[in-house]
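Okay, here's what each chain looks like letter by letter:
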Amino acid sequence: MPIETRKKLSPVAACHRWHMEVTMKIIRTGMLFFLCAALLSGCQRSVAEPAESSIETAGETETVTLSSDPAKEPAVSAQTAYAAFLSGDLSLFHDADVQTWGLETWTDLILPNENLEYTYLDLDDDGAEELLVQYVEDPCSYNGVFHYENGSLSCWQHDYMEGSCRDYPLANGTMVRQYDFGGACSYTLFRYQSDGSMAEICNLFAREELLSSDSDTPCPYYGIDDREVDKDTFYEQLDALVTSRLLKRQVWEREENANE
């Protein structure tokens, strides 16, 4: 086979060739450097951008979760609930309460009368006030008690039928159920419990007239908690426990002011 002979370069050509080789190495090295830098920069962006996006996404998710969580939404306040009821809104009562107490009569019969007054008192010693409603100075014709808890209303009293019996509050939150019948009068003092039940405190009873002259029923008769007492003792206790503790008239507000 023929042997390939390499032509010997002149000094100028050799120098020129060396210069070109060095230049190409520098160019290749520079290109490699910039390529690595570009790749590194791209990697940094690809790592950092998802992290930023995930933070934004997490923030958005948290915001949606907070705004859609019913437990963290503010409940309707007691005053707002009572004002709505005084305007005729029964939507905050459970259906069972509406049916048991016949609360449809509130909107159909009682509220249109426009002769109502109301006040607020803590009747069950839980630190929150109940709403008491009655016809103006006439609890015999209507008296009602309503309780607010956890965004709902419940009815504790709604009486528009019993003209000889009425419930009314004392200044300390104690309630009185006064019942007049056949020449006699009873006063039952009680406190509401947190479930709307009544805990009796004491009972005063007086009979000063007889329906029939031939009745053998003791008359006059005065008693406190089924124990007979004399007339003076009875009226002293009635004044101490009831009469002297009645709410002042200015505590009651007229219903037409409820929405002002």
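Residues numbered from 1 in each chain as written. Predicted model: local features only at pLDDT ≥ 70, side-chain atom pairs only at ≥ 80, totals over all residues. Heavy atoms only, no water.

Chemist: Describe the pairing of strand E5 (residues 165-169), listing the residues and the values that go with them.
Modeler: Walk down a regular strand and you will see the side chains alternate between the two sheet faces. The buried fraction of E5 amounts to five of the five residues, a majority that puts the element mostly inside the structure. The alternating pattern of E5 places Cys165, Asp167 and Pro169 and Arg166 and Tyr168 on opposite faces, both of which are buried. Both E5 and strand E6 (residues 175-181) contribute to a ladder of five bridges, which runs antiparallel. Each bridged residue has a counterpart across the sheet, and for aspartate 167 the counterpart in E6 is arginine 177. (Buried < 20%, exposed > 50% of the residue type's maximum accessible area, 1.4 Å probe, protein only. Helix = DSSP H or I, 4+ residues; strand = E, 2+ residues; numbered from the N terminus. Pairing = 2+ DSSP bridges.)

Chemist: Please provide a residue-by-residue account of the sheet that holds strand E2 (residues 130-135), values included.
Modeler: Pairing between sheet strands relies on hydrogen bonds along the backbone, with the strands arranged either parallel or antiparallel. With respect to topology, five strands assemble into an open sheet ordered E4-E3-E2-E1-E11, the strand pairing being antiparallel. Edge strands, defined here as strands with exactly one partner in the open sheet, are strand E4 (152-159) and strand E11 (253-254). Summarising the sheet, E2 and strand E3 (residues 138-149) pair through five bridges and their orientation is antiparallel. Residue pairing across strands places leucine 131 opposite phenylalanine 146, the latter belonging to E3. Set on the sheet, helix H2 (residues 78-86) makes contact with strand E1 (116-121), E2, E3 and E4; between it and E3 the angle comes to about 140°. (Contact = heavy atoms within 4.5 Å. Axes fitted to C-alpha atoms, helices over the stretch in contact; angles between N-to-C directions.)

Chemist: I'd love a proper account of the confidence of the model for the protein chain, names of residues and values included.
Modeler: Averaged over all residues, the pLDDT of the protein chain is 80; the fraction at 70 or higher stands at 69%. Scored below 50 in pLDDT, residues 1-16 shows three contacts in the model against residues more than four places distant or in partner chains. Within the model, pLDDT remains below 50 along residues 45-72, and this stretch shows three contacts once partners closer than five positions in the same chain are excluded. (pLDDT = per-residue confidence, 0-100.)

Chemist: Help me get a handle on the nonpolar core, residues and values and all.
Modeler: Counting 22 residues, the largest nonpolar core has Phe93, Trp106, Leu131, Val133 and Phe146 as its most contacted members. The dominant element in this core, judged by the number of residues it contributes, is H2, at four residues. Those residues within four positions of tryptophan 106 in sequence are excluded, and the remaining contacts are Phe85, Leu86, Gly88, Leu90, Leu111, Pro112, Leu116, Val133, Tyr142 and His158. Membership of the second largest hydrophobic core comes to 15 residues, among which are Tyr168, Tyr187, Cys202 and Leu204. (Core = buried A, V, L, I, M, F, W, Y, C linked by side-chain atoms within 4.5 Å.)

Chemist: So what's going on with the side chain of arginine 191? Which residues, and what values?
Modeler: The topology assignment puts arginine 191 in strand E7 (residues 184-192). A relative accessible area of 13% means that arginine 191 is categorised as buried. Side-chain polar atoms of arginine 191 contact the backbone oxygen of asparagine 172, separated by 2.7 Å. Residue contacts for arginine 191: discarding those within four places in its chain leaves Asp122, Leu123, Asp124, Asp125, Asn172, Gly173, Thr174, Ser197, Met198, Ala199 and Ile201. (Polar contact = N/O pair within 3.5 Å; in protein donor to acceptor, adjacent residues only side chain to side chain.)

Chemist: Let's hear about the sheet that holds strand E8 (residues 198-207): which residues, and what values?
Modeler: Read across the open sheet, the six strands follow the order E5-E6-E7-E8-E9-E10; overall the sheet is antiparallel. Both edges of this open sheet fall to E5 and strand E10 (227-228), since each of them pairs with a single strand only. Of the strands in this sheet, E7, E8 and strand E9 (221-224) touch helix H5 (residues 231-241), which is tilted by about 140° from E8.

Chemist: Explain the environment of isoleucine 224 to me, using residue names and the numbers behind them.
Modeler: Tracing the sequence through the fold places isoleucine 224 in strand E9. Considered as a pair, isoleucine 224 and phenylalanine 234 are ten residues apart in the sequence and their alpha carbons are 7.2 Å apart. Not counting the four nearest positions on each side in its chain, isoleucine 224 is found in contact with Asn203, Leu204, Val229, Thr233 and Gln237.

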